[in-house]
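Now for the letters of each chain:
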Amino acid sequence: MSLSSSKVYGRDKEKKEISDENEWCRIRLSYYDLPYHLRRCFAYCSIFPKNTKIEKKNLIQMWMAHDLIPTTENQELEDSGNTIWNELCWRSFFQDQTETTCKMHDLMHDLAQYVMEGESHIIGAKSSSYVSELEIRHITVMVNKKMEKAPFRYPDKIGCDKSLQSIILYHTNFHSLNVLHEIFSDLKKYLSLRVLQVDPNVANIALRYVGYLKHLRYLDLSFSRIATLPDNICDLLNLQTLNLTWCSNLKSLPRNTKDLINLRHFYLEGCNELQYMPRGMGQLKRLKTLNLFVIGNEMDHCQLDELKELDIKGSLGIMNLERVNDTSIAKWGIIFAVKRLNINRLELKWTYERDTYEMKKRHEEMGEALDVPTTSLKALRIWNYKGVNVPKLVGKSAGSLTHLELFSLGNVKHIFPINNNMNTDDSSDDNGMVVFPLLERLEIRHMRNMTELDSPNCCSITKAFPNLCEIEIFYCPKLHTLPHFESLKILTIEGYCSDELLYSISNLSGLTHLNLHTSNRIVLFNEAQGRRLTFQSLRHMKIMWPFMLSCLVDEGVVMQLPSLQTLRISDCKELVSLGGKPSRGVMNLNSLTNLHIEDCPELTISVDEFGSLNIDSLQSLYIRNCPKLLFSEEADDVIALLRSLRARLGHRNFHVDILLQEEEEGIAEKV
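Residues numbered from 1 in each chain as written. Predicted model: local features only at pLDDT ≥ 70, side-chain atom pairs only at ≥ 80, totals over all residues. Heavy atoms only, no water.

Overview of the pairing of strand β12 (residues 314–319)
Thought 1: Sheet analysis places strand β11 (residues 293–294) next to β12, joined by two bridges and oriented parallel. Paired with V294 across the bridge in β12 is M319. (Pairing = 2+ DSSP bridges. Helix = DSSP H or I, 4+ residues; strand = E, 2+ residues; numbered from the N terminus.)

Examining the packing of aromatic side chains
Thought 1: Enumeration over the complete set of coordinates arrives at 10 aromatic pairs.
Thought 2: Between W24 and Y114 the ring centres are 5.5 Å apart and the planes differ by 80°, which places this aromatic pair in the edge-to-face class. One end of the pair, W24, is in helix α1 (residues 3–32); the other, Y114, is in helix α5 (residues 106–115), and 90 residues separate them in sequence.
Thought 3: Exposure remark for W24: the relative accessible area of 19% places this residue in the buried category.
Thought 4: For the pair Y31 and Y32, a centre-to-centre distance of 5.0 Å together with 70° between the ring planes defines the contact as edge-to-face.
Thought 5: Through a chain of ring-to-ring contacts, the aromatic side chains of Y31, Y32, F42 and F93 assemble into a single cluster.
Thought 6: The ring of W383 carries the charged tip of K349 above its face, separated from the ring centre by 4.5 Å. (Phe/Tyr/Trp six-rings, centres within 6.5 Å; stacked < 30°, edge-to-face > 60°. Buried < 20%, exposed > 50% of the residue type's maximum accessible area, 1.4 Å probe, protein only. Lys NZ or Arg CZ within 6 Å of the ring centre and 35° of its normal.)

Side note on the side chain of Q61
Thought 1: Structurally, Q61 can be placed in helix α3 (residues 56–65).
Thought 2: Q61 sits in the buried class, given a relative accessible area of 4%.
Thought 3: With sequence-adjacent residues up to four places away left out, Q61 is seen in contact with Y218, T241, H265 and Y267. (Contact = heavy atoms within 4.5 Å.)

Structural notes on the confidence of the model for the chain
Thought 1: Looking at the chain as a whole, its pLDDT mean stands at 82, while 81% of the residues score no less than 70.
Thought 2: Every residue in residues 1–11 scores below 50 in pLDDT, and together they form two contacts with partners more than four places removed in sequence or on other chains.
Thought 3: Across residues 426–431, confidence stays below pLDDT 50; counting only partners more than four residues off in sequence or on other chains, it has seven contacts. (pLDDT = per-residue confidence, 0-100.)

With respect to the nonpolar core
Thought 1: Among the nonpolar cores identified, the biggest contains 157 residues, and F184, L244, L268, F436 and L491 are the most heavily contacted of them.
Thought 2: Broken down by element, the residue count for this core peaks at seven residues, all from helix α14 (residues 635–649).
Thought 3: Contact partners of L491, with chain neighbours within four places excluded, come to I471, I473, L482, I505, L508, L511, H513, L514 and N515. (Core = buried A, V, L, I, M, F, W, Y, C linked by side-chain atoms within 4.5 Å.)

Points about helix α4 (residues 77–90)
Thought 1: Given a rise of 1.5 Å per residue, 14 residues ought to cover 20 Å, and the 20 Å separating the end C-alpha atoms of α4 matches this to within 8%.
Thought 2: Inspection of α4 places E78, S80, G81, I84, W85, L88 and C89 among the buried residues, and these make up the whole buried set.
Thought 3: Contact partners of the buried residues in α4: α2 (36–44), β1 (54–55), α3, β2 (101–102) and β9 (265–267).
Thought 4: Among the residues trailing α4, S92 stands out with phi positive, at a value near 65°. (Expected span 1.5 Å × (residues − 1).)

Brief notes about the pattern of salt bridges
Thought 1: Overall, the coordinates contain 26 salt bridges when judged by the stated rule.
Thought 2: D305 is paired through a salt bridge with K308; the nearest N and O atoms lie 3.9 Å apart.
Thought 3: E405 is paired through a salt bridge with R441; the nearest N and O atoms lie 3.5 Å apart. Of the two residues, E405 is situated in strand β15 (residues 403–407) and R441 in strand β17 (residues 441–445); the sequence distance between them amounts to 36 residues. The same class applies to E405 as to R441, namely buried.
Thought 4: Through salt bridges with shared partners, one network takes in E347, R381, E405, R441, E443, R445, E470 and E472. (Salt bridge = Lys/Arg side-chain N within 4 Å of Asp/Glu carboxyl O.)

Written out as structure tokens, the structure reads:
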């Protein structure tokens, strides 16, 4: 480097240092310009490692655990915390924010650590073991390779510190059993602890000292392997948040869970092995979040009527509804009408049982008892209901629902409740009622008697599903047609698919994505559906798993796909042909850019069929595990065509394994 260039480099470096110093001064000034409570909340974020995606609800609940959120008259702490979150986002202390998460820019993270120096410490891959002589209040442990293999111990200053308030074991890809052992063996020393978040590898025995932490307010055991909780966890009378999300081995809760009188957020999503909830859950008067409620059979188990005392917000899943006793059924309507106005996601699940007359009658009674208006309900999911008519709740919430999922409602013929008992939108259509006016996504699975998605003749309904964008239909063999849904964009059908149903699909003028996983067809599109089928707007089509399918398009059928960009075909074990000649097979594929064919062992493609695919527009071609692809009489011509495609597309966008094998065999023969 010349002297002059060295001077330039030196000046550039000096300018950069000055620029960095100016930026650092600017963000420090912006920090000190914050109100005191915002400064405290922001500084606490130093506990998160750099580039962490921070969950809003978790952060707000940690703020609450440390009394960082000032109380406001007539406002919940969670709402005040949300206001603080929004303010920090607006002032750019957080970035990449969504409705539920955010990140911190590296400079902002450095600022938070600068402010909290001596109070917050991260032990991990890029941190030193040095700890300030000041009191350490918050510690985050990131298990690295060195810590995985060597015995772990806290730095001495932390080990003897009685003022530790946060321990967060940040999950990494390294094993953390030795770290867990160290943390939990000394746990009863940290009596001032308010926040404890542990690794998924924690075992039942490791939690035996948790009950000593009388000041604990936030306990996160999510994704851990625990099967039970120690009884002394119910001694944590200050606990506000207990997170057991996806503790998939958890089978029961402590009998005295009702003693957690300050509990506000109880997360149980994914605890699918939980058998029941102990009696007394209704005594948790401060509870705001309870996303799973499991009904039991015994006297000391929870019944549905306990929900009447709770003011739950957000999502709620109620399991084992077949166990509801007559007393609870009588009270059910009162429960939701009084308290449940803030539920926006509701899941109702009956355990799968033999379909008997008594069972149908019992489920019908329950369906009647679920007649509750829920104007704020956005998503509803129902499992294993045996009644003939859908629960009234479906109709009552029809005016607000955006998502509806019905699984294994084997006796239901249509999703419109009898007696026209619907919450409709009269203003949307001058000629009559509009039902499910806001519904965007509908999923129906294993409904063997479902015959129609349109409204029955007995209903005075003129329009249904005006905003429906996506439907998934799984194993509904009696469903023969689809109404003309003007807004429908995405359709998935798995299982039996009749000629009438396929023909009705071609009338969906706005459809852009079609996924067919059908098992009963030899020819996908045949003359029974008409000689000319047009999917005007379809851009993406996927065909999978039809074990009987031998041909996509029958002779004499013209199928027009003028907008199709992507065609994916896989696991069609009997498929021998994509269609006939261009004059009578798949037609008008001028927009096709991506062709993906996989695991079709009987498939052969002629030059004419390639021609019908309009290969000049292709941008990527992927054909794998189709060993008979070149078995036609035109094999040499097909090989030449494939080679020309490879030359145009390049190796990144072209993969045809049979061509590669053919060329390798040719080279071997020459040798």
